[in-house]
Amino acid sequence: MNRTAALDAVVFGVDIQSGDVRGDAPSYALVVYDGESIQRDVVSRRKLRRRIDDEEPAIVATDNMYELAADKDQLVHFLGTLPNETMLVQVTGDERPEPLSRVAKRHGVPYGKKPMKEAEAAARLAAANVGQEVSAFTDTTEIKVSRGRSTGKGGWSEDRYTRRIHGAVKKQAREVESELDAAGLEYERDVTEKYGGFSNAVFRVEGRPQDIPVSTHRSGDTRVEMERVRRDGIEFRPLAKRRDHVVVGVDPGTTTAVAIVGLDGEVLDVSSSRTNDRADVIEWIIERGRPVVLAADVTPMPETVEKFRRSFDAAGWEPERDLPVDEKKHRTREERYENDHERDAMAAALYAFDHHESQFDRVAEKVPPQHEVGHVVDRVVAGEESVEAVLRDLEGEDESEEAATSHQPRELTEDEKEIQRLEARIDRLEGHVEDLKATIQQKDDQLDEKDKQLEKARQEGRREVRKDREVTRLERRNDALERKVEEEQERREELAAKLERLKSLWKLDHSNFADVSEKQEGLVPVKVVEQFTRDAIDDADERFGLVENDVLLFRDASGAGRSTAQRLADIGPRVVLRNGNLSDAADEVLFDHDIPVAPADMVTVQEVDELAIAREQEVETAIEDWEERAEDREKERNTAMVDQIISEHRAGSVGEE
């Protein structure tokens, strides 16, 4: 809703008709006003709430917000239940409301003391943008995505069930995040990760619920809840933008920047442009307030800024020396600006406010509630009048209005004029004293800050000394460790050289492996094969070659079949040393090819890397042992063969008979 224009939407004017809001059944005078027609009714509290929910008026207007709630907590609850597009307006002001009769008279609105007349006056005033919006919530909305049902307890499928629910919450949270991104809304996200996904996700969105493309709902495993973030207390905001008295800072040049600061020190607006002429700047300032002080960030005040000051007949302010950049940055550190020009204009306005702040406060303390503080400040600061003289003048005007007389104020006597000048001078001197006190306090604060910085520098120096000592200690330790590493490296190299010498004593040339007996008297090379399998034999053949008359050692001789034994027989080894027993088929093949087979424990084999060697004498003994057993085995085979022939012959003779 545009608060700066007259409302053409529906306004509810409400005033208590009978009973007490603290009781059980108060009744209300209700006026429904749409800018043209008026409807009047007397309703109960429940019916009033129902009509607000059903019709969603733009404003619910009253002269006292506590006619709708007994206390602050009830008021916050009432505000929280209003439709998103409905606001509560107190037409008589903020924390210090004026009488409704005075406000109505000021704005030319009909007024009567009966509840229905007061309700009508409230509706008409709110429709004319008079009053303060009552708010207990910020423009930040909290969206919570959570589980829609309990994860349960126990059961064989609990893990799967829990994982499904947490996965659904995570999926829903991503959908909400996607919608917020698509809408271009700023937000913060906080998630609680659980097994399978999220147990909940909270989004703090910069926007009101009606501006957010997400709604409260519950669907299966998930639910989405939206709630506006509460303020610490109740806040009042003018329904219409008022042209309050302000402090203006201007930074002229190719790019002209203007900053507006309220009499409370709050930065209200800032703008900069390369195309604005003087008339555009003046119009922009007029739309935002009435300047009391117009300030620059350099001295002397530039002529352009002086022209703006004269245009508004405002007091001027300039620093004793050009404001340094670092001080301007520090003073505007909590404000937003687009460029250096806006920063300089804002700094000028803020420093001007700092200079006059104590004077503003003194004036505000002396001004009664029925008078506007800004108007008095303007006459005191820009017009150099005393607060008392301004108040007497304003009270005289009020008395003239109430008496409806049109006589001219009498001419002041010379004594009265002198008194007025002296009062103004006293006020200026008091202000100067306050300014000096403020300057002294500022200098004291600066000294305290310098002391803190000095102590911090000393602490930093001590830390650096401790750091240097620790670095020196670590460097010494590192040097000692490096020396130890070098010693270990040298020892390792010595052992490696020693190992190489040992290998050189035992390592043989694989390309002529069979000639070891000629090179090393009394020794014979042994080639080690891991298993009696075709793959292991092929691997050994590839690594160091298997040739005829090799001495082979099988670490595991079991499992060989006829074809594997035939593969070995084709090589023609001198002897096969076995660990474990050969299969009958393999043993038969090797025996048929006259390849000796002996248990490995008959020969002492020594290994160095790939090299294995054995004593020639032990190998010969193993071969001789096999030959003896082979001779006996051959005799047994021949005897068995003769017996079979005789048996077959006898069987044939019997058949012939």
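Scoring rules and cut-offs
Residues numbered from 1 in each chain as written. Predicted model: local features only at pLDDT ≥ 70, side-chain atom pairs only at ≥ 80, totals over all residues. Heavy atoms only, no water. 1 Å grid on protein atoms, 1.4 Å probe; cavity = no way out; pocket = protein on both sides within 12 Å on 5 of 7 lines; lining within 4 Å. Points joined across faces, edges and corners; volume = space filled by probe spheres on them. Helix = DSSP H or I, 4+ residues; strand = E, 2+ residues; numbered from the N terminus. Salt bridge = Lys/Arg side-chain N within 4 Å of Asp/Glu carboxyl O. Buried < 20%, exposed > 50% of the residue type's maximum accessible area, 1.4 Å probe, protein only. Core = buried A, V, L, I, M, F, W, Y, C linked by side-chain atoms within 4.5 Å. Contact = heavy atoms within 4.5 Å.

K.L.:
An account of the layout of surface pockets is needed here, citing residue identities and associated values.
P.N.:
Approximately 1100 Å³ is the volume attributed to the second largest pocket. Around the second largest pocket, the lining is made up of 25 residues, and of these Glu-327, Tyr-351, Asp-354, Gln-442 and Gln-446 lie nearest the centre. Taken together, the elements giving at least two residues each to the lining of the second largest pocket come down to helix H8 (325–331), helix H9 (340–366) and helix H12 (414–506). Looking at the lining of the second largest pocket, the element that brings in the most residues is H12, giving 10 residues.

K.L.:
Now, about the pattern of salt bridges: what can you tell me, with residues and values included?
P.N.:
Tallying each qualifying case throughout the model produces 40 salt bridges. The partner of Arg-543 in a salt bridge is Asp-539, and the shortest N-O contact between them spans 3.2 Å. Placement of both Arg-543 and Asp-539 in helix H14 (residues 534–544) is noted, with a separation of four residues, approximately one turn of the helix. You can call Arg-543 partly exposed: its relative accessible area is 45%. Given the relative accessible area of 38%, Asp-539 is considered partly exposed. Where salt bridges share partners, they join Asp-297, Lys-328, Asp-340, Arg-343 and Asp-344 into one cluster.

K.L.:
Please set out helix H16 (residues 584–592) residue by residue, giving values where relevant.
P.N.:
For H16, the complete set of buried residues consists of Ala-586, Val-589, Leu-590 and Phe-591. Once H16 finishes, Asp-594 follows within two positions and takes phi at roughly 55°, a positive value.

K.L.:
With reference to specific residues and values, describe the nonpolar core.
P.N.:
Counting residues in each nonpolar core, the largest one holds 32 residues, and the members touching the most others are Val-247, Val-261, Val-293, Val-363, Val-376 and Val-381. At the level of secondary structure, the elements contributing two or more residues to this core comprise strand E12 (256–262), strand E13 (267–273), strand E14 (290–295), strand E15 (315–317), H9, helix H10 (373–381) and helix H11 (387–403). Considering each element in turn, this core owes the most residues, 11 residues, to H9. Beyond its immediate stretch of four places on either side in the chain, Val-363 contacts Val-376, Val-377, Val-380 and Val-387. Counting residues in each nonpolar core, the second largest holds 26 residues, with Phe-12, Ile-16, Leu-68 and Phe-137 among its members.

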